[in-house]
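Summary of the model geometry
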Amino acid sequence: MSMIAAFYGGKSILITGATGFLGKVLMEKLFRTSPDLKVIYILVRPKAGQTLQQRVFQILNSKLFEKVKEVCPNVHEKIRAIYADLSQNDFAISKEDMQELLSCTNIIFHCAATVRFDDTLRHAVQLNVTATRQLLLMASQMPKLEAFIHISTAYSNCNLKHIDEVIYPCPVEPKKIIDSLEWLDDAIIEEIAPKLIRDWPNIYTYTKALGEMVVQQESRNLNIAIIRPSIVGATWQEPFPGWVDNINGPNGLIIAAGKGFLRALKATPKAVADLIPVDTVVNLMLAVGWYTAVHRPKSTLVYHSTSGNLNPCNWHKMGVQVLATFEKIPLERAFRRPYANFTSNNFTSQYWNAVSHRAPAIIYDCYLRLTGRKPRMTKVMNQILRTASMLEYFINRSWEWSTYNTEMLMSELSPEDQRVFNFDVRQLNWLEYIENYVLGVKKYLLKEDMAGIPEAKQHLKRLRNIHYLFNTALFLIVWRLLIARSQMARNVWFFISFARGPGCSAVA
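Throughout this description, residue numbers start from 1 for each chain and increase along the sequence as written. At least 70 in pLDDT is required for a residue's local features to be given in this predicted model, at least 80 for side-chain atom pairs to be given and counted, and no such filter applies to totals for whole chains, interfaces and linings, which use all residues. Side-chain numbers come from the whole structure's heavy atoms, not from hydrogens or water.

- Under an unreviewed UniProt entry, the name given to the protein is Fatty acyl-CoA reductase, and the organism recorded is Macaca fascicularis.
- Turning to the protein, the UniProt record has this under Subcellular location (unreviewed entry): "Peroxisome membrane".
- UniProt positions are given in the numbering used here, feature names are shortened, and annotations may be inferred rather than shown by experiment. Under the UniProt heading Function (unreviewed entry), the note attached to the protein is "Catalyzes the reduction of fatty acyl-CoA to fatty alcohols."

Pasting the structure below:
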């Protein structure tokens, strides 16, 4: 019998960010392993044209929840959607709903956050910092609360090379930033933002670090734990391999590379691709929730959910596997082909990379216009290059994360809990995982017919030929200009031409 599964039986659980990728997988696992839980409260903001109930119905009717319906047929009755807006004071929750949350909640999983790297400082602070403080204030008024689990990111302290499972201080106190944003106008905020974030690469990682400080400062007497996952990817095993539902992070690059739109990437080939399957993160979250509530550690423990220090995989290996899976060719053959092109960090390579991607996109759009179709490739390529640019910082570096607390927790679990709530990434086979990841992207994101591999290979071949043709033409134009302007280039050209003359065969 799983102690963790039994622990969540009869519990009332509040999840923020439940409509996001991580939140959905968390709900699925809870319902599947603890179908006798009392209720899951989810804070939801209605989308245009959809009520709260319609959003819940849409989530539960996805393939992700197929197994849940077998073990928990009344799952619809166990989700209580509450209108909330995390950008508003008190989250704009009604008085009646707030009273129910305060009096009934046993466990909180705080997953909500803005993950946009280019978000405004005001919006990111509101969702990642102020909302966290507001939720902690609510938690302090919950008499039945047993544990508060805050989901941060392994990159909250990416300005450091080695990162321990501790909360690091930020140069400026979160309270001072929150107070300042109340009276500063947007123009001044955007002007001072670069000075505030200093050596953090973006607003997201900086505000997640501030959020951790808020958790430490506002924890009062709560049982709190912080989990820092790295790059969260598709499911590894549960409820089935390869499930993914968004184009965030590496998913957009996988699509772009697999479709042939992205032929080169400015990255360090041997840098560690610290990817972590979403079901691994969820298993750790549930184990941490149990441990925090039952063992009540004296201080706030931080748990790293990362793969690089225990089972590393580099970006080159990942890139080759992605494209090999899209084209359905053996991995040995894929390694011999120019799939994953990694350019250096100098200005010339950046310029060449941008031109060699955008120009073929323009040519392809011209072809679409001539055939009476709407041009779209240039717009798509601009979005891809923008995403790649924002990820450059992370695909050109490697970090070292200590995992003492995570390994300690693993040792505390029974053999049954280690099986049911497995978060041991040392068991992960990267080649199998990436193959399932790519197939999941094709099936669940692109909605592709998995029988259409030959057509996909032809599409890749056409795009690759356009790319090579343009690069060849560009090289010849540049070389011709060099010959016209440089005596040395003319001498090299003369030498090459002479080597191809009649005497060449005699030498051979």
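1. So, the packing of aromatic side chains
- Each aromatic pair joins two rings of Phe, Tyr and Trp (for Trp, the six-membered one) with centres within 6.5 Å, and gets the label stacked for planes under 30 degrees apart, edge-to-face for over 60, and tilted for any other angle. Considering all chains together, one arrives at 17 aromatic pairs under this definition.
- Relative to Tyr204, the ring of Phe117 has its centre 5.8 Å away and its plane inclined at 25°; by these criteria the two rings are stacked. Placement of Phe117 in the loop between β4 (107-110) and α6 (121-139) and of Tyr204 in helix α9 (residues 203-217) is noted, with a sequence separation of 87 residues between them.
- Each residue is placed in one exposure class: buried if its accessible area under a 1.4 Å probe, protein chains only, is under 20% of its type's maximum, exposed if it is over 50%, and partly exposed if it falls in between. Its relative accessible area of 23% is what places Phe117 among the partly exposed residues.
- Arranged with centres 5.3 Å apart and planes meeting at 65°, the rings of Trp200 and Tyr206 form a pair that is edge-to-face. Take Trp200 and Tyr206: they sit in the same class, and that class is buried.
- Through a chain of ring-to-ring contacts, three or more aromatic side chains come together here, namely Phe117, Tyr155, Tyr204, Tyr393, Phe394, Trp399 and Trp401.
- Cation placement over rings: the criterion is NZ of Lys or CZ of Arg within 6 Å of the ring centroid and within 35° of the ring normal. One cation-aromatic arrangement involves Lys11 over Phe7; the distance from NZ or CZ to the ring centre is 4.5 Å. Under the scheme used here, helices are H or I runs from DSSP no shorter than 4 residues and strands are E runs no shorter than 2 residues, and both carry numbers assigned from the N terminus.

2. What to know about the pattern of salt bridges
- For this analysis, a salt bridge means a side-chain nitrogen from Lys or Arg found within 4 Å of a carboxyl oxygen belonging to Asp or Glu. Counted under the stated rule, the structure contains 17 salt bridges.
- One salt bridge connects Glu146 with Lys11, and the closest N-O pair in it is separated by 3.9 Å. Of the two residues, Glu146 is situated in the loop between α6 and β5 (147-151) and Lys11 in the loop between α1 (3-7) and β1 (12-16); the sequence distance between them amounts to 135 residues.
- Judged by its relative accessible area of 24%, Glu146 falls in the partly exposed class.
- Classification of Lys11 as buried rests on a relative accessible area of 13%.
- Across the pair Arg426 and Asp424 runs a salt bridge, and its minimum N-O distance is 2.9 Å.
- Given the relative accessible area of 11%, Asp424 is considered buried.

3. Considerations on the pairing of β5
- Of all 5 residues making up β5, 5 are buried, and the element is well covered by its neighbours.
- Side chains Ala147, Ile149 and Ile151 of β5 all project onto a buried face; the interleaved residues Phe148 and His150 project onto the opposite face, where all are buried too.
- Pairing analysis gives 4 bridges linking β4 to β5, with the strands arranged parallel. Bridging across to β5, Phe109 finds its partner in Ile149.
- Note on handedness: a crossover is taken as right-handed if, strands pointing away from the viewer, the path from the first strand over the helix to the second is clockwise. One crossover worth recording links β4 to the parallel β5 by way of α6, and it is right-handed.
- When DSSP finds two or more bridges between two strands, those strands count as paired. By the bridge criterion, 4 bridges tie β5 to strand β7 (residues 224-229) in an arrangement that is parallel. Within β7, the position partnered with His150 by the bridge is Ile226.

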